[in-house]
Amino acid sequence: MEDPPRQGTGQRGDRSRPQAQQIYDETGLAIEIGRTVYQRRTELGWSQTELARRAGMTQPAIARLETSLTLPSARTLLRVATALGQPLHIIIGHTA
């Protein structure tokens, strides 16, 4: 009798690769969002506390967002973008 395929082996039944890709993609997105928020906030000369006040959030929440420790919801992104005086653009699909 043959042993069943193990996860992570690349054999039939391996579900770890798509999950790993999803984690990789989400991490990249979180990093991009955090970097963008940090850059705009510092351009404005604001502290994390000031941005948090304007966005109706807490300073630790802004810190988590900027350091990519969380993938924010669309609602949170809209609050932060509005506080920063920037439009929020979400693109689904490929761009040229």
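Details of the structure are given in the entry above.
How would you sum up the layout of surface pockets? Please name residues and give values.
Over the atoms rolls a probe the size of a water molecule, and its path tells where empty space is left. Here the largest pocket defines a volume of roughly 580 Å³. Forming the walls of the largest pocket are 20 residues, and the residues nearest its centre are Ile33, Thr36, Leu77, Leu88 and His89. Tallying contributions element by element places helix H1 (residues 16–43) first for the lining of the largest pocket, with six residues. Along the lines of polarity and charge, the residues of the lining of the largest pocket split into 14 nonpolar, four polar and two charged.

Explain helix H3 (residues 59–66) residue by residue, including any values.
All of the buried residues along H3 are Ala61, Ile62, Leu65 and Glu66. Within H3, the buried residues cover an arc of 130° as seen down the axis, which keeps them to one side. Looking at the residues trailing H3, positive phi occurs at Ser68, about 65°.

Help me get a handle on the pattern of salt bridges, residues and values and all.
Summed over all chains, the structure comprises four salt bridges. The salt bridge involving Glu43 is made with Arg40; its shortest N-O contact spans 3.5 Å. Linking Glu43 with Arg40, this pair stays in helix H1, spanning three residues, or about one helical turn. What makes Glu43 exposed here is its relative accessible area of 53%. One salt bridge connects Arg53 with Glu50, and the closest N-O pair in it is separated by 2.7 Å. With Arg53 and Glu50 both in helix H2 (residues 48–55), this residue pair falls three residues apart, about one helical turn. It is possible to trace a salt-bridge network through shared partners that takes in Glu50, Arg53 and Arg54.

The rules we used
- Residues numbered from 1 in each chain as written.
- Predicted model: local features only at pLDDT ≥ 70, side-chain atom pairs only at ≥ 80, totals over all residues.
- Heavy atoms only, no water.
- 1 Å grid on protein atoms, 1.4 Å probe; cavity = no way out; pocket = protein on both sides within 12 Å on 5 of 7 lines; lining within 4 Å.
- Points joined across faces, edges and corners; volume = space filled by probe spheres on them.
- Helix = DSSP H or I, 4+ residues; strand = E, 2+ residues; numbered from the N terminus.
- Nonpolar A, V, L, I, M, F, W, Y, C, P; charged D, E, K, R; others polar.
- Buried < 20%, exposed > 50% of the residue type's maximum accessible area, 1.4 Å probe, protein only.
- Arc of directions from axis to C-beta.
- Salt bridge = Lys/Arg side-chain N within 4 Å of Asp/Glu carboxyl O.

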